[in-house]
Amino acid sequence: MNAVSSSVPSAPATPQGVSTSLQSPVQPSFKPVRRRYMAPLEPVSHSAKWLLGIGFFVFFVMVWSAVTFGGLVSPTFLASPLTMVREGILLFTEFNFLHDIGMTVWRVMAGFILASAVAVPLGIAMGAWKPVEAFFEPFVSFCRYLPASAFIPLLILWAGVGETQKLLVIFIGSVFQLTLMVAVTVGGARKDLVEAAYTLGASNTGIVRRVLIPGAAPGIAETLRLVLGWAWTYVIVAELIGSSSGIGHMITDSQALLNTGQIIFGIIVIGLIGLASDFIFKTINRRMFEWSAL
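Just so it is clear, the structure is predicted and the values come from calculations on it, not from any experiment.

Calculation notes
- Residues numbered from 1 in each chain as written.
- Predicted model: local features only at pLDDT ≥ 70, side-chain atom pairs only at ≥ 80, totals over all residues.
- Heavy atoms only, no water.
- Helix = DSSP H or I, 4+ residues; strand = E, 2+ residues; numbered from the N terminus.
- Buried < 20%, exposed > 50% of the residue type's maximum accessible area, 1.4 Å probe, protein only.
- Areas by Shrake-Rupley, 256 points an atom, 1.4 Å probe, with all protein chains shown as cover.
- pLDDT = per-residue confidence, 0-100.
- Contact = heavy atoms within 4.5 Å.
- Expected span 1.5 Å × (residues − 1).
- Bend = angle between axes of the 7 residues up to and from the residue.
- Phe/Tyr/Trp six-rings, centres within 6.5 Å; stacked < 30°, edge-to-face > 60°.
- Lys NZ or Arg CZ within 6 Å of the ring centre and 35° of its normal.
- Salt bridge = Lys/Arg side-chain N within 4 Å of Asp/Glu carboxyl O.
- Core = buried A, V, L, I, M, F, W, Y, C linked by side-chain atoms within 4.5 Å.
- Polar contact = N/O pair within 3.5 Å; in protein donor to acceptor, adjacent residues only side chain to side chain.
- Patch = residues over 30% accessible without salt bridge, like charges linked within 9 Å, V, L, I, M, F, W, Y side chains within 5 Å.
- Axes fitted to C-alpha atoms, helices over the stretch in contact; angles between N-to-C directions.
- Parallel < 35°, antiparallel > 145°, perpendicular 65-115°, else oblique.
- Left-handed = near helix turned anticlockwise from the far one by under 90°.
- Nonpolar A, V, L, I, M, F, W, Y, C, P; charged D, E, K, R; others polar.

A. Summary view of the overall build of the protein. Looking only at helices and strands, one finds 10 helices and 0 strands in the protein. Secondary structure elements in the protein, listed N-terminal to C-terminal, are α-α-α-α-α-α-α-α-α-α. Considering the protein as a whole, with its 294 residues, one finds that 34% of them fall into the buried category. Working note: accessible area of the protein is about 19,700 Å², and carbon and sulfur atoms make up 70% of it.

Structure representation (structure tokens):
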């Protein structure tokens with residue numbers, strides 16, 4: 001009688017050279033993500049940003065030099081870069097241009113601070129409380145479309161041609177735009193944060209002080225930076241009429257003498273001062289609101 005052998009499944013054959021011990025699972029290999037050149041929203045390095053920014057200025061001066069030195073445009077209508085530099089040195093050495101720069105900077109900052117002192121609290125109130133917004137928003141929106149230069153004849157009648165008139169031009173040109181932008185920033189607060197604060201027992205004023213204002217502070221600071229640039233355009237408009245000092249006054253005098261070198265130099269000085277103030281504003285905002293970039 002043949003012995004009955006139990007049927008045992010045989011183990012699968014192991015290929016030669018492969019250990020039968022337990023192997024650790026294969027870890028997927030991840031390749032480092034390469035930066036995509038000129039992809040939308042792809043950031044550039046800090047050094048590349050500086051090089052690209054300076055590169056455009058170099059290109060602009062090269063085109064300007066080619067047009068003027070090549071005789072394509074008459075010097076009466078467009079001075080060359082060298083002529084502009086000579087006229088700029090003349091302004092500082094013989095015409096006390098530093099005083100004009102100081103007066104213009106003072107007017108811009110004074111008018112802008114006055115506008116901010118009114119617009120920021122009013123904008124916060126409009127963004128936080130809807131009845132306040134319903135009361136002020138139609139009038140502020142109406143005034144926002146009125147050009148500040150249109151008020152100059154009235155302001156000369158009311159305040160003369162002194163400093164008050166110039167400050168009022170900057171104030172009118174800045175306050176209404178700034179008010180609405182601050183109101184929109186405050187009104188865009190996250191509703192879940194407001195509801196969470198109410199759940200924790202915050203009062204209505206506590207919501208404004210501890211939720212809305214801190215949350216909107218970075219946006220308000222950025223709005224102030226943008227509107228400061230607009231204030232520079234209004235001060236030049238104010239100085240073009242009835243002024244005895246300032247960069248705008250110098251530009252008007254140079255225009256009467258057909259001195260395009262001084263006109264271009266004045267415009268460049270305004271741009272440089274504005275660029276410096278913009279950089280200072282950005283630096284302060286980054287230091288004060290580092291958490292906003294997280």
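Back to the write-up after that little detour.
B. Focus on the confidence of the model for the protein. On average, residues of the protein score 85 in pLDDT, and 86% of them reach the 70 mark or higher. In this model, residues 1-9 is a region of pLDDT below 50 whose contacts with residues beyond four sequence positions or in other chains number 0 contacts. Taken together, the stretch residues 17-22 has pLDDT below 50 and engages in 1 contact with residues farther than four places along the chain or on a different chain.

C. Here's a closer look at helix α6 (residues 163-187). With 25 residues, α6 should cover 36 Å at 1.5 Å per step; its first-to-last C-alpha distance of 36 Å lies within 8% of that length. Maximum bend of α6: about 25 degrees, positioned at Val 175.

D. Up close: the packing of aromatic side chains. Within the structure shown, the criterion is met by 6 aromatic pairs. Pairing Phe 92 with Phe 97 gives two aromatic rings, centres 5.4 Å apart and planes at 70 degrees, and the pair type is edge-to-face. Taking the centre distance of 6.3 Å and the plane angle of 80 degrees together, the rings of Phe 139 and Phe 176 count as edge-to-face. Here Phe 176 lies in helix α6 and Phe 139 lies in helix α4 (residues 130-144), a separation of 37 residues in the sequence. Members of the aromatic cluster, joined through ring pairs, are Phe 92, Phe 97 and Phe 265. Residue placement shows Arg 144 over the ring face of Tyr 145; its charged tip is 4.6 Å from the ring centre.

E. Here's a closer look at the pattern of salt bridges. For the structure shown, the criterion picks out 7 salt bridges. With a closest N to O distance of 3.9 Å, Asp 278 and Lys 282 form a salt bridge. Remark: Lys 282 and Asp 278 occur in helix α10 (residues 260-288); sequence separation between them is 4 residues, near one turn of the helix. Classification of Asp 278 by relative accessible area gives partly exposed; the value is 22%. Classification of Lys 282 as partly exposed rests on a relative accessible area of 37%. Among the charged side chains, a salt-bridge network with shared partners connects Glu 222, Arg 225, Asp 278 and Lys 282.

F. Summary view of the nonpolar core. Grouped together as the largest cluster of nonpolar side chains are 53 residues, with contacts concentrated most on Phe 97, Ile 124, Val 169, Val 186, Ile 220, Leu 224 and Ile 247. Per-element tally for this core: the top contributor is helix α8 (residues 204-239), with 15 residues. Excluding residues that lie within four positions of it along the chain, Phe 97 makes contacts with Leu 91, Phe 92, Ile 247, Met 250, Phe 265, Gly 266 and Val 269.

G. Representation of the side chain of Asn 259 within the structure. Tracing the sequence through the fold places Asn 259 in the loop between α9 (247-256) and α10. Asn 259 sits in the buried class, given a relative accessible area of 18%. Among the polar contacts made by the side chain of Asn 259, one reaches the main-chain amide nitrogen of Gln 262 at a distance of 3.2 Å. If sequence neighbours within four positions are ignored, Asn 259 has contacts with Glu 87 and Ser 254.

H. Summary view of unusual backbone geometry. Positive phi, close to 55 degrees, is recorded for Asn 96, a residue that is not glycine. Along the chain, the position of Asn 96 falls in the loop between α2 (81-94) and α3 (97-128). If you check the backbone angles, Leu 258 has positive phi at about 55 degrees while not being a glycine. Residue placement: Leu 258 occurs in the loop between α9 and α10. For Leu 258, a relative accessible area of 59% translates into the label exposed.

I. Just a nonpolar patch on the surface, in detail. A contiguous nonpolar surface patch, about 840 Å² in accessible area, is contributed by Trp 50, Ile 54, Val 58, Met 62, Phe 279, Ile 280, Ile 284 and Met 288. Where the nonpolar patch is concerned, the elements lending two or more residues are α1 (46-69) and α10. With respect to the secondary-structure elements, Ile 284 resides in helix α10.

J. Summary view of the packing of helix α5 (residues 152-159) against α6. Viewed as axis vectors pointing N to C, α5 and α6 meet at an angle of 140 degrees, and their least axial separation amounts to 9 Å. In this view, α5 runs oblique relative to α6, as classed from their interaxial angle. As for the relative orientation of α5 and α6, their crossing is right-handed in sense. Residues Ile 152, Leu 155, Ile 156 and Ala 159 of α5 form the contact with α6, whose own contacting residues are Thr 164, Gln 165, Leu 168, Val 169 and Ile 172. Considering only residue class, the contact of α5 with α6 consists of 7 nonpolar, 2 polar and no charged.

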